[in-house]
2 protein chains.
Amino acid sequence: MDLIGTKWKPQVLFHLLEGPQRSGVLQQTMPGISNKMFTQTVRELEQDHLLTRTVYPVVPPHVEYELTALGQSIKLILCELDEWGKLEE
Amino acid sequence: MDLIGTKWKPQVLFHLLEGPQRSGVLQQTMPGISNKMFTQTVRELEQDHLLTRTVYPVVPPHVEYELTALGQSIKLILCELDEWGKLEE
DNA sequence: GCAAGTACTTACCAAACGGTAACTAAGTGA
DNA sequence: TCACTTAGTTACCGTTTGGTAAGTACTTGC
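Residues numbered from 1 in each chain as written. Chains lettered and ligands numbered in written order. Predicted model: local features only at pLDDT ≥ 70, side-chain atom pairs only at ≥ 80, totals over all residues. Heavy atoms only, no water.

**Focus on the confidence of the model for chain A**
Line of reasoning, step 1. Taken over all residues, the pLDDT of chain A has a mean of 94, while the share at 70 or more is 97%.
Line of reasoning, step 2. The spread of mean pLDDT over the elements of chain A runs between helix H5 (residues 75-87) of chain A, the lowest at 91, and strand E3 (residues 62-67) of chain A, the highest at 98. (pLDDT = per-residue confidence, 0-100. Helix = DSSP H or I, 4+ residues; strand = E, 2+ residues; numbered from the N terminus.)

What follows is the structure, encoded as structure tokens:
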């Protein structure tokens, strides 16, 4: 599982730190990501057991993403990466 | 500067945490990296001001890579990533 | 019955990535 | 004179990546 080495995975995880988000909202927090990349990324993160995908059987569809305990465990790293990234601007 | 989002940059930095290394030795610590990728990676890290490249004018060539202060500043993150990576095996 | 709304999925295509292998450089020692 | 040594560059080419745009699904409200 290369968490690093991917462009979007860390960003998705970072945005989920504050709590569960529904699909569309989460995607909008990441300008520049395409529809295809977004679904691909969250699918992989789900396979990595870093987040859960909950589908509510309603119409129109409602899907929520939430960090697993494992996903939460990288909170510190993600925050530090964020902090460090800000220094370099 | 996307430090994450690349496969090799973090690895190069991690291996330099222990101190300066000469080119060939550093490359050998990373099995799987090709010659091309290695030079490309260190060149970019140099442009990012994360490491310095010192060329000793001798024959055969002797080149050393060393972290800059900026490079040192991500030590904590690299170590945590390493720790976390071990958990997931 | 028809559009709206949300979350995808797929086919197609261009661009980027990355590996291999051959090549350069230049002083030393046999 | 010639191979050895270390570091790096380059051309070529296959593979992977990733964007666009169109299509699927299904219920509610007009």
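**Things to note about the protein's contact with DNA strand C**
Line of reasoning, step 1. Around DNA strand C sit 16 residues in total, of which A:Thr39, A:Arg53, A:Tyr65, B:Ser34 and B:Lys36 are the nearest.
Line of reasoning, step 2. In the model, a phosphate oxygen of DNA strand C is placed 3.1 Å from a nitrogen or oxygen of the A:Ser23 side chain.
Line of reasoning, step 3. In this structure, B:Ser34 approaches DNA strand C through a side-chain N or O atom, which is 2.7 Å from a phosphate oxygen.
Line of reasoning, step 4. Among the elements of the structure, helix H2 (23-28), helix H3 (35-47) and E3 of chain A together with helix H3 (35-47) of chain B are those that each provide at least two residues to the surface near DNA strand C.
Line of reasoning, step 5. The greatest single-element share of the surface near DNA strand C, amounting to three residues, is contributed by H3(A).
Line of reasoning, step 6. When its residues are assigned to classes, the surface near DNA strand C shows seven nonpolar, five polar and four charged. (Near = heavy atom within 4 Å. Polar contact = N/O pair within 3.5 Å; in protein donor to acceptor, adjacent residues only side chain to side chain. Nonpolar A, V, L, I, M, F, W, Y, C, P; charged D, E, K, R; others polar.)

**Structural notes on the packing of aromatic side chains**
Residue and element names in this part refer to chain A.
Line of reasoning, step 1. By the definition in use, this model includes two aromatic pairs over all chains.
Line of reasoning, step 2. With centroids separated by 6.2 Å and ring planes inclined at 90°, the aromatic side chains of Phe38 and Tyr65 adopt a geometry described as edge-to-face. On the criterion of sequence distance, the pair formed by Phe38 in helix H3 and Tyr65 in strand E3 is long-range, its members being 27 residues apart. Each of the two residues, Phe38 as well as Tyr65, counts as buried. (Phe/Tyr/Trp six-rings, centres within 6.5 Å; stacked < 30°, edge-to-face > 60°. Buried < 20%, exposed > 50% of the residue type's maximum accessible area, 1.4 Å probe, protein only.)

**Some thoughts on empty space enclosed by the protein**
Line of reasoning, step 1. Applying the stated rule across the entire model yields two cavities of 30 Å³ or more.
Line of reasoning, step 2. In this structure, the largest cavity occupies an estimated 50 Å³ of space.
Line of reasoning, step 3. Considering the residues around the largest cavity, the lining is formed by A:Leu81, B:Leu3, B:Ile4, B:Pro10, B:Ile74, B:Ile77, B:Leu78 and B:Leu81.
Line of reasoning, step 4. Here the lining of the largest cavity gets three residues from one element, more than from any other, and that element is helix H5 (residues 75-87) of chain B.
Line of reasoning, step 5. Grouping the amino acids of the lining of the largest cavity by side-chain chemistry returns eight nonpolar, no polar and no charged.
Line of reasoning, step 6. The space that makes up the second largest cavity amounts to roughly 40 Å³.
Line of reasoning, step 7. Every residue lining the second largest cavity is listed: A:Leu3, A:Ile4, A:Pro10, A:Ile74, A:Ile77, A:Leu78, A:Leu81, B:Ile4 and B:Leu81.
Line of reasoning, step 8. With three residues, H5(A) is the single largest residue contributor to the lining of the second largest cavity.
Line of reasoning, step 9. Looking at the lining of the second largest cavity residue by residue, the classes come out as nine nonpolar, no polar and no charged. (1 Å grid on protein atoms, 1.4 Å probe; cavity = no way out; pocket = protein on both sides within 12 Å on 5 of 7 lines; lining within 4 Å. Points joined across faces, edges and corners; volume = space filled by probe spheres on them.)

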